[in-house]
Amino acid sequence: MWKNSFVQGKQKDLTFRNFALFHINLLSVIMVSFYTQPQVNCLKDISSDVFQSESERYGILAAYGDFNSDKLTDVFVISNNGKSFEVLISYSIKPFLRRSRIVCSVDEGIITSVMPADFNGDSKMDILITIKTPDLYPELSIRVLWGNFDSIQCDTPIKITMKGQPLIMDFNNDMIADMFGEGEDGRRYYWLGSVSSNFTQQEAPSPHNQPLRMPHSCAFLDLNSDKAADLLVTGQKMFEYWISSVEGNFSFWKSVPNPQSVSKLGQSSFTDIDLDGSLEHVVPVCHDPSCKSGGIMVLNDNDEWQYWIQELKQGEIQWSYSLPNGDVAPFDNLTLPLTLRVADFDMDGFPDFVTVLKRQSEGKEVRQAVVLRNIPCSSCLLGRTLEIIWKQGDLSEIPNPQLPAFYDIFEDGTMDLIISGKSEGLWKLYALQNTFDYDAYFIKVLVLTGRCYVDCPGERVPYGTNQPGPLIQYYTTRPNGSPQVSSASQLSQSAYFSLQLPYVVFGLGQTPNFIDKLTVGIPGHRNFAIQKREWTQIIPNSQMVVIPHPPDKPDKWTNKLFVTPSRLVILTFAALLGTCGFIGLIIGALHWKEKREDRREKLQEAHRFHFDAM
C-alpha cells in the first residue's frame, strides 16, 4: 500500500517536472519572439554625436575610404568654396568623425570629385581629384595625390586632362588602380598606374564610335557571372558590354540600346534584386525633359528594358527625381546625376535604395530624401517591388537634401545615412542613425588588393586600399530549408558621386544560420584562369577581410574574421542562463523532496523491522 503511494508520488513529481520544463521552453520562445519582432525602421539625427564640431559639418560628401588603414571607414569632404578637400577620420567612440591634418587645396579651379584608390601599388591609399578650370571647360584636369597613411602629398606633377570623370578600375590585373575615360580628342583611353608613380596612356577600342554619355555611369564588375570583373561602357546611344578575357584585355560581347521611351537616363546601378545570384541592371528614368514624372527600369534576361516602378506617387501626389539645381555658387556646374544608391537598409537580405525626390507645392519645389524598401510582390517584375517610406523619422526633416548615401556609422552592419543638404546657401552634412528595432544578421566582406601581406610598407596590413571590381557571392539556407544566394560587386563605380562603400554588407534576415559557402573572385585572369576562392561555414554577424595574396594562388589567400556579437545572441544567452538557473532550482527542490521521502521510507522500514522482531 505504501509502496504504491510512493510510486504515485514519483509519477506526480515527474509530471510536475515535465510541466515546468514545457512552460520554461514556451516562455523562452515567447521571450525570443518578443525581442525579434520586426519593427518599423526609424532614422534619428545624430549629427551632434558624429561630428566633432559644427564647422566640420559644412561641405559636400565626396567619397568613402579607410585612409589610415585602421579598418574604420573615413569620409572625404569637399569644402563649400570647392577649393579644398579634407578627410574626416572615423573613430569607434564619439565623435565618430573628426577633423584631420589631411587637407589639400587647389588654386587653378574647383574640385568636382574625389576618388580614393592605390595608384602606385604601395598599398597606401592615394587620392584622385577632378578639377574644373575655366580654360579647360568642358574638360577636367585630373590630379593624383600620393598618400602615406596619415599624410598626403598635395603637390604632384601628375596631371591628366579628359572629358568627364574617370572610372577607377584594374585593366591589367596588377592590383594597381587604373583609369578609364574619354580623352580630349574624343577617343577612349586607359591610364595605367604603376609602381613608378607614373601613368601610361593606352587607347581603348570603340566598335560603334560613340562618345560616352555625360555624365556616364561606366562600371567595372562581373557581367557574365564568371566571377571576373568586366567593363560596362555607357555611350550616348547604347550600353556596351566588354568581357574580361584570358589575354588580359576586354573583348566586346554585346550592346544594349538605351531605353527609347524615356526622356532622361539616370546612373546605372547593379544589384541582386531578387536574390537569385545574378546582378540586375537598374536605371532611374524621367518621362519628360523637366522630370515631372519618373520611374525605374530593369534590363531583363532578353536584353529588354522593363518598368520595375512606373510612377513615384504618394497617394495622388506626383513625385519625381530631383534634378540638380545651380543656385549655389561656385558649384553651378557641379554634376549630380540621378542616382539610386544601394544597400540593405532593413537587413532582410534584399537590397534597398535611397534617393532624393521632389514635388511641387504652392508653386515651389519641395525636396525630400527617401528610402525605397524592397518588398515582396507576387504580381510584380522579379517578384519584388519598392515601397517608398515617406515618413522615416528625422530623414524627412533634412532641409533641401541633395546627396544621400549609406554609411555604417557604428561599424555594426546596420546601414545608417549621411546626407549632404543645403542650408542657407551652404552645403551641410547630416548623420542619421538607423535605429533598427529587431535583431537581424549580416555578413560584411572587404576584399583588399593582395599586393602584400606580411611584407607591407610600414609593416601594416593595408586595410585602407579601395579595390574596385571584386565579386562576392554567398550561399545559405532559409528556415524552410530552401537555398538563399546573393551576389554583390565591390566598388563597381567611382565617378559622379557614386558614393559606394569600400566593402559589401549582406543582410541575412533573422536566420542565425552559418553561411554555407562564400565565394570571392578578383578582377582579371591569371595563368589563363579566373582567380576565385570559396570559404565554408562562415559565422554570421562578422566582418570578413579577404587578402588575395598572392593574387595568382587562391589557395594561399588569407581570410581574417572579426565577429560582432548581436543583441539577440546576448538575449538568448541571458535567457539560457535564466532558464538553466530556474531548471536547477526545480531539480534541487525535487531532489530535496526525494531525499526527504527516502529518509521517511528508511524510518518506516526500520520501524517495521523492530515491530516484526517483537
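These numbers were taken from a predicted model, which means no experiment stands behind them.

Before we go on, may I ask you to explain the sheet that holds strand β1 (residues 43-45) in this structure?
Sheets are built from strands that pair by backbone hydrogen bonding, the pairs being arranged parallel or antiparallel. The strand order β1-β32-β31-β30 describes an open sheet built from 4 strands, whose pairing is antiparallel. Looking at strand neighbours, the two that pair on one side only are β1 and β30 (401-407), the edges of this open sheet. Taking the axes of each pair of neighbouring strands and ignoring which way they run, one obtains an average angle of 30 degrees across the sheet.

Teacher, can you tell me more about the sheet that holds strand β34 (residues 471-477) here?
Taken in spatial order, the 4 strands make up an open sheet running β35-β34-β37-β38, and their pairing is antiparallel. The strands lining the two open edges of the sheet, one partner per strand, are β35 (483-489) and β38 (529-538). Across this sheet, the average inter-strand angle for adjacent strands is 15 degrees, counted without regard to direction. In the sheet, β34 pairs with strand β37 (residues 515-526) via 5 bridges, with the strands oriented antiparallel. By the bridge assignment, Tyr475 is partnered in β37 with Lys517.

Please explain a nonpolar patch on the surface as it appears in this structure.
Taken together, the side chains of Phe514, Ile539, Leu561 and Val563 define a hydrophobic patch exposed on the protein surface, amounting to about 310 Å² of accessible area. Summarising the element assignment, Val563 is placed in strand β40 (residues 558-563).

Explanation requested: the nonpolar core in the structure shown.
What tends to happen in soluble globular proteins is that the nonpolar side chains get buried as a cluster. Counting 70 residues, the largest nonpolar core has Val75, Phe85, Val114, Ile127, Ile129 and Phe497 as the members making the most contacts within it. Contacts of Val75, omitting those with residues within four sequence positions, involve Leu61, Ala63, Tyr64, Glu86, Val87, Leu88, Leu97, Tyr407 and Ile418.

When you look at the pairing of strand β13 (residues 188-192) in this model, what are you seeing that I'm missing?
When a strand is regular, its side chains alternate between the sheet's two faces. For β13, the tally of buried residues reaches 5 of 5 residues, placing the bulk of the element in the interior. The pairing of strand β12 (residues 178-183) with β13 spans 4 bridges and is antiparallel. Note that in β13 the partner of Met179 across the bridge is Trp191. The turn linking β12 back onto β13 is made up of 4 residues, and Gly186 within it adopts a positive phi angle of 85 degrees. Bridging between β13 and strand β14 (residues 200-203) involves 4 bridges; their strand directions are antiparallel. Following the sheet pairing, Tyr189 is matched in β14 by Glu203.

I'm lost on unusual backbone geometry in this one. Help?
Excluding glycine, residues mostly carry a negative phi; peptide bonds, for their part, are mostly trans. Residue Pro95 is bonded to the preceding Lys94 through a cis peptide linkage, with omega at -15 degrees. For the bond running from His549 to Pro550, omega is -10 degrees, close enough to zero to count as cis. Of note in this structure, Leu491 is not a glycine but carries a positive phi near 50 degrees. Tracing the backbone through its elements, the reader meets Leu491 in the loop between β35 and β36 (504-509). The buried category is assigned to Leu491, whose relative accessible area is 12%. The backbone of Phe497 shows a phi angle near 55 degrees, a positive value even though the residue is not glycine. The topology assignment puts Phe497 in the loop between β35 and β36.

I keep staring at the state of the cysteines and nothing clicks. Help me out?
Working definition of a disulfide: a covalent bond connecting the sulfur atoms of two cysteines. A full pass over the atoms with the stated rule returns 4 disulfides. In this model, Cys104 is linked to Cys154 through a disulfide, with the two sulfur atoms separated by 1.8 Å. Its torsion about the S-S bond being -80 degrees, the disulfide of Cys104 and Cys154 is classed as left-handed. Here the residue Cys104 occupies a position in strand β6 (residues 103-105), and Cys154 occupies one in the loop between β10 (152-153) and β11 (159-169), the gap between them amounting to 50 residues. Looking at Cys104, the relative accessible area reads 3%, which means it is buried. There is a disulfide in this structure between Cys286 and Cys291, and the S-S distance comes to 1.9 Å. Taking the sign of the S-S torsion, about -65 degrees here, the bridge from Cys286 to Cys291 comes out left-handed. For Cys286, a relative accessible area of 0% puts it in the buried group. Classification of Cys291 by relative accessible area gives buried; the value is 0%. Here the disulfide map of the protein chain reads 1-2, 3-4, 5-6, 7-8, the bonded cysteines being numbered as they appear in the sequence.

Would you mind showing me how to read the pairing of strand β8 (residues 126-132) here?
Taking burial as the measure, the 7 residues of β8 include 7 buried ones, the bulk of the element. Residues Asp126, Leu128, Thr130 and Lys132 line one face of β8 and the alternating positions Ile127, Ile129 and Ile131 line the opposite face, and both faces are buried. Summarising the sheet, β8 and strand β9 (residues 139-147) pair through 5 bridges and their orientation is antiparallel. Across the sheet, residue Leu128 finds its bridge partner in β9, namely Val144. The hairpin turn running from β8 into β9, its antiparallel successor, is 6 residues long.

Would you mind going over the pattern of salt bridges with me for this structure?
Oppositely charged side chains may form a pair once their charged atoms are brought near each other. Taken as a whole and assessed by the stated rule, the structure comprises 16 salt bridges. Its salt-bridge partner being Asp49, residue Lys94 comes within 3.8 Å of it at the nearest N-O pair. Of this pair, Lys94 sits in the loop between β4 (84-90) and β5 (97-98) while Asp49 sits in helix α2 (residues 47-50), placing them 45 residues apart in sequence. Through salt bridges that share partners, Glu54, Arg57 and Lys428 make up one connected network.

Criteria and cut-off values
- Residues numbered from 1 in each chain as written.
- Predicted model: local features only at pLDDT ≥ 70, side-chain atom pairs only at ≥ 80, totals over all residues.
- Heavy atoms only, no water.
- Pairing = 2+ DSSP bridges.
- Helix = DSSP H or I, 4+ residues; strand = E, 2+ residues; numbered from the N terminus.
- Axes fitted to C-alpha atoms, helices over the stretch in contact; angles between N-to-C directions.
- Patch = residues over 30% accessible without salt bridge, like charges linked within 9 Å, V, L, I, M, F, W, Y side chains within 5 Å.
- Areas by Shrake-Rupley, 256 points an atom, 1.4 Å probe, with all protein chains shown as cover.
- Salt bridge = Lys/Arg side-chain N within 4 Å of Asp/Glu carboxyl O.
- Core = buried A, V, L, I, M, F, W, Y, C linked by side-chain atoms within 4.5 Å.
- Buried < 20%, exposed > 50% of the residue type's maximum accessible area, 1.4 Å probe, protein only.
- Contact = heavy atoms within 4.5 Å.
- Disulfide = S-S within 2.5 Å.

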